[in-house]
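Structural features, examined
Here is how the chains run, residue by residue.
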Amino acid sequence: MRKPVSKYILKIFKRRNVKRFSFFLGAAFLFLMLTKLSETNTQSIDLDIKLYNLEDEIVVLEDSLSSPQVTLRAKGFSLLKYMFKTSKTIRVDAQNETSKRGKQLLWDIGNNKYQISQIFGNSIEILDIKPDTVYFAFDVLSSKKVPVQLIKDVSYASGFDVINELKLSKDSVKIIGSKRHLDTVMVIKTNKITLDNVNSDISEQVTFVNLSRDIEILPKSLELNGVVKRFTEGKFSLPVHLINAPIGKKVNFFPKNIDLIYYVDVERFKKVKPEDFTVVCDFSRLNNATQNNLELQIVKSSSFVKSSRLAQNRVEFIISD
């Protein structure tokens, strides 16, 4: 069934009324905003002070930075930009516009109101600034050397390893900053370096974990190097040598020979000889008279091998007259 014409006309009329009402509401709001912006208002914002031209040996301590509050008066249009930005930056010449008192730099706001008014412009009046003097604590730069700690996660391909150890180009770095900050730093850690399935020589740049902004690290990075070769294991049967045995006593021990397993790169495998190693049983390590075994020690090892171990770590013995 078709709708009556009267209902259709009423629906159109309601739609037009809603649009007309929305238009007048928007217009009223715009008029109100324009009225407010044309009125004189006050507003407070922070003054963000940036020091420049500092003496070379001086560092301003970050925890001493302060932001004075400035109360402004102007037409709403002039203050509109500060509705969303609640601070204003001003640059201060540390050597020519501040004075020293002990280990503080003082900036007298009262003597610099003209400079401050310039950054806001002629249309804005400065009513008040608190505090009237800003203090910046500073320290004299110091330097010291600290050791570097390598943080790494390196795995090698099957049968491969690094000759000796991975090595940084320097074992220590120089740090520069205020003495107060430097006294808390005992070691510099590298950012973690991760290498997986390595089968060739390593040459990587490593950087450092971020410290305080007030501390500079020199150099900024170090080089990590390592010679990677294919490795294998070898084995020798070596005699056990008694040292510091009880004087005037007979010592019978077992075993008299022990297997030593060593780990060496393939290229130098044939250079490793049995006489490069010495295994001892040291009786000075005996704890009590009832003890009947001692731990073995490798006191001499080949300079070619990366590591070595004994197949059996202890010997048993009997001491008799």
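Residues numbered from 1 in each chain as written. Predicted model: local features only at pLDDT ≥ 70, side-chain atom pairs only at ≥ 80, totals over all residues. Heavy atoms only, no water.

With respect to the overall build of the protein chain
When its secondary structure is counted, the protein chain shows four helices and 24 strands. Per-residue burial for the protein chain yields a buried fraction of 31% across its 321 residues. In the protein chain, the share of contacts with a sequence separation of at least 24, taken over all contacts with a separation of at least 6, comes to 75%. Of the accessible surface of the protein chain, which amounts to about 21200 Å², a share of 52% is contributed by carbon and sulfur atoms. (Helix = DSSP H or I, 4+ residues; strand = E, 2+ residues; numbered from the N terminus. Buried < 20%, exposed > 50% of the residue type's maximum accessible area, 1.4 Å probe, protein only. Contact = heavy atoms within 4.5 Å. Areas by Shrake-Rupley, 256 points an atom, 1.4 Å probe, with all protein chains shown as cover.)

Section: the packing of aromatic side chains
Two aromatic rings, taken as a pair, are described by how far apart their centres are and by the angle between their planes. Here the structure, examined in full by the defined rule, presents six aromatic pairs. Ring centres of phenylalanine 283 and phenylalanine 317 lie 5.0 Å apart, and the angle between their planes is 70°; on these two criteria the pair is classed as edge-to-face. Here the residue phenylalanine 283 occupies a position in the loop between β21 (278-282) and β22 (293-300), and phenylalanine 317 occupies one in strand β24 (residues 314-320), the gap between them amounting to 34 residues. Both residues of the pair, phenylalanine 283 and phenylalanine 317, belong to the buried class. Every member of this aromatic cluster is reached through a ring pair, and the members are Phe236, Tyr262, Phe269 and Phe277. The ring of tyrosine 52 has arginine 91 lying over it, and the distance from NZ or CZ to the ring centre is 4.3 Å. The ring centre of phenylalanine 253 lies 4.8 Å from the NZ or CZ of lysine 256, which sits over that ring. (Phe/Tyr/Trp six-rings, centres within 6.5 Å; stacked < 30°, edge-to-face > 60°. Lys NZ or Arg CZ within 6 Å of the ring centre and 35° of its normal.)

A look at the pairing of β21
Of all five residues making up β21, four are buried, and the element is well covered by its neighbours. Bridge analysis of strand β18 (residues 228-243) against β21 gives four bridges, and the strand direction is parallel. Bridge pairing in β21 places isoleucine 243 opposite aspartate 282. Both β21 and β22 contribute to a ladder of four bridges, which runs antiparallel. Considered in β22, the bridge of valine 280 is made with glutamine 297. (Pairing = 2+ DSSP bridges.)

Quick word on the environment of histidine 241
Summarising the element assignment, histidine 241 is placed in strand β18. For histidine 241, a relative accessible area of 39% corresponds to the partly exposed category. Between the C-alpha atoms of histidine 241 and threonine 278, which are 37 residues apart in sequence, the distance is 7.8 Å. Sequence-distant contacts of histidine 241, that is, excluding residues within four places in its chain, are made with Thr278, Val279, Val280 and Cys281.

Concerning the sheet that holds strand β11 (residues 167-168)
Within the open sheet, the three strands sit side by side as β11-β17-β15. Their pairing is antiparallel. Since the sheet does not close on itself, it has two edges, and those belong to β11 and β15 (202-207), each with one partner. When β15 meets strand β17 (residues 221-226), the two strands line up antiparallel, connected through six bridges. Each bridged residue has a counterpart across the sheet, and for serine 203 the counterpart in β17 is asparagine 225.

Thoughts on unusual backbone geometry
That bond from lysine 130 to proline 131 is cis: its omega, -5°, falls within 30 degrees of zero. Note that proline 131 resides in the loop between β7 (125-130) and β8 (133-149). Here the residue pair leucine 218 and proline 219 is connected by a cis peptide bond, since its omega of -5° sits within 30 degrees of zero. Looking at where proline 219 falls in the secondary structure, it is placed in the loop between β16 (216-218) and β17. Positive phi outside glycine occurs at asparagine 53, with the angle close to 60°. Residue position: asparagine 53 is located in the loop between β1 (40-52) and β2 (58-60). Since its relative accessible area comes to 36%, asparagine 53 is described here as partly exposed. With a phi close to 60°, asparagine 244 is a non-glycine residue in the positive phi region. Here asparagine 244 lies in the loop between β18 and β19 (250-254). Owing to a relative accessible area of 51%, asparagine 244 belongs among the exposed residues under this scheme.

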